[in-house]
Amino acid sequence: MKKIELEIVALSSSVTQTHSYAVVLGEINGLRRLPIVIGAFEAQAIVVALERIKPSRPLTHDLFYNFMLSFNIELKEVLIYKLEEGIFFAQLVCTNGKETIEIDSRTSDAMALAVRIGCPIFTYENILDAAGLFMDQTNAPKPSASGDINEETIEEIEESTASDLKSLTLDELNDLLHQVLESEDYMKAIAIRDEIKHRTGKE
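Owing to the predicted nature of the structure, the values given are computational and were not obtained by experimental measurement.

J.: In this structure, what is going on with the sheet that holds strand β1 (residues 3-13)? I would like to understand it.
T.: The pairing of strands in a sheet comes from backbone hydrogen bonds and takes either a parallel or an antiparallel form. Pairing is mixed across the open sheet formed by eight strands, whose spatial order is β6-β5-β4-β7-β1-β2-β3-β8. The two strands at the open ends of the sheet, each matched to only one other strand, are β6 (100-106) and β8 (133-134). As paired elements, strand β2 (residues 20-27) and strand β3 (residues 32-39) share seven bridges and run antiparallel to each other. Across the sheet, the residue bridging to Ser 20 is Gly 39, located in β3. Packing against the sheet, helix α1 (residues 40-50) makes contact with β1, β2, β3 and β6, and its axis sits at approximately 120° to β3.

In structure tokens form, the structure reads like this:
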């Protein structure tokens, strides 16, 4: 069965499920999009990796990644191999240099690992046919060159944050950034960081 390579092109609040988020995977060199609903914790884990935020302590996915590195286990790819009653099933295709092992995984956890390691994400043609959306070329979301999530997505994740931050001084923003990093609220940290960049003119 033909495998299709995907990349994360957007992450936004889910319009169908409260306290959930939708990761949108885009077909490499294609216009089809595959939206997958994930939980808030997994969304945060993906955002931390995409935005290159350094947590004060390792998150669960960071711990798993460090464990793999310590024992010379390489994650070759993530494969979303099945769609059943609206639930996506994924595998971690790993190797220890001698054999290849397929490990069952929740799709959200697999994606959180994939963005940390930089391994490709694949699915099968029949899954894209069943659950994919065909995007107009003019309206298709485009990932930034650095893999950062754009400002529009951040506003969808935390709509009230941007307006609240504008009333704070730069010193207050830096103090708040430190506080939210300590409390591991990384989605809010992204919005604060971007507000500081905007004020200081740093990119």
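J.: Would you explain helix α3 (residues 107-117) in this entry?
T.: Count 3.6 residues to each turn of an α-helix, and residues three or four apart come out pointing the same way. Summarising burial for α3: nine of the eleven residues are buried, a large majority. Within the sequence span of α3, burial applies to Thr 107, Ser 108, Asp 109, Ala 110, Met 111, Ala 112, Leu 113, Ala 114 and Arg 116.

J.: It is not clear to me how the nonpolar core should be interpreted in this structure. Could you clarify?
T.: If you look at soluble globular proteins, the nonpolar side chains tend to sit buried side by side. Core analysis: the largest hydrophobic core is formed by 32 residues, its most contacted members being Val 23, Leu 25, Leu 34, Ile 38, Ile 46, Leu 75 and Val 78. At the level of secondary structure, the elements contributing two or more residues to this core comprise β1, β2, β3, α1, β4 (74-84), β5 (87-95), α3 and α4 (125-131). Apart from residues lying up to four places away in sequence, Ile 38 is in contact with Leu 11, Ser 20, Tyr 21, Val 23, Ala 43, Ile 46, Ser 108 and Met 111. Leu 173, Leu 177, Val 180 and Ile 196 belong to the second largest nonpolar core, which has seven residues in total.

J.: Sorry, what's going on with the environment of Ile 28 here?
T.: As for its placement among the helices and strands, Ile 28 is situated in the loop between β2 and β3. For Ile 28, a relative accessible area of 30% puts it in the partly exposed group. With 22 residues separating them in the primary sequence, Ile 28 and Leu 6 have C-alpha atoms 5.5 Å apart. In this structure Ile 28 touches Glu 5, Leu 6 and Glu 7, once residues within four positions along its chain are discounted.

J.: Hey, could you run me through the packing of helix α2 (residues 60-70) against α3 in this one?
T.: Where α2 meets α3, the axes come as close as 10 Å, and the angle between the chain directions of the two elements is 60°. Here α2 is positioned oblique relative to α3, judged by the angle of their axes. Along this stretch, α2 crosses α3, giving a crossing that reads as right-handed. Between α2, through His 61, Asp 62, Phe 64, Tyr 65 and Met 68, and α3, the contact on the second element is made entirely by Asp 109, Ala 112, Leu 113, Arg 116 and Ile 117.

J.: What exactly am I supposed to notice about the packing of aromatic side chains here?
T.: Aromatic ring pairs are reported here in terms of the distance separating the ring centres and the angle at which the planes meet. Inspection of the entire model under this criterion finds two aromatic pairs. Taking the centre distance of 4.9 Å and the plane angle of 40° together, the rings of Phe 67 and Phe 71 count as tilted. In this structure Phe 67 comes out as partly exposed when scored by relative accessible area, which is 47%. Judged by relative accessible area, which is 54%, Phe 71 ranks as exposed. Ring plane angle 55° and centroid distance 6.5 Å describe the contact between Tyr 81 and Phe 89, whose orientation is recorded as tilted. On the basis of relative accessible area, Tyr 81 is assigned to the partly exposed category, the value being 26%. Classification of Phe 89 by relative accessible area gives partly exposed; the value is 22%. Residue placement shows Lys 3 over the ring face of Phe 122; its charged tip is 4.8 Å from the ring centre. Seen from the ring of Phe 89, Lys 82 lies directly overhead, with NZ or CZ sitting 4.4 Å from the centre.

Reading guide: rules and limits
Residues numbered from 1 in each chain as written. Predicted model: local features only at pLDDT ≥ 70, side-chain atom pairs only at ≥ 80, totals over all residues. Heavy atoms only, no water. Pairing = 2+ DSSP bridges. Helix = DSSP H or I, 4+ residues; strand = E, 2+ residues; numbered from the N terminus. Contact = heavy atoms within 4.5 Å. Axes fitted to C-alpha atoms, helices over the stretch in contact; angles between N-to-C directions. Buried < 20%, exposed > 50% of the residue type's maximum accessible area, 1.4 Å probe, protein only. Core = buried A, V, L, I, M, F, W, Y, C linked by side-chain atoms within 4.5 Å. Parallel < 35°, antiparallel > 145°, perpendicular 65-115°, else oblique. Left-handed = near helix turned anticlockwise from the far one by under 90°. Phe/Tyr/Trp six-rings, centres within 6.5 Å; stacked < 30°, edge-to-face > 60°. Lys NZ or Arg CZ within 6 Å of the ring centre and 35° of its normal.

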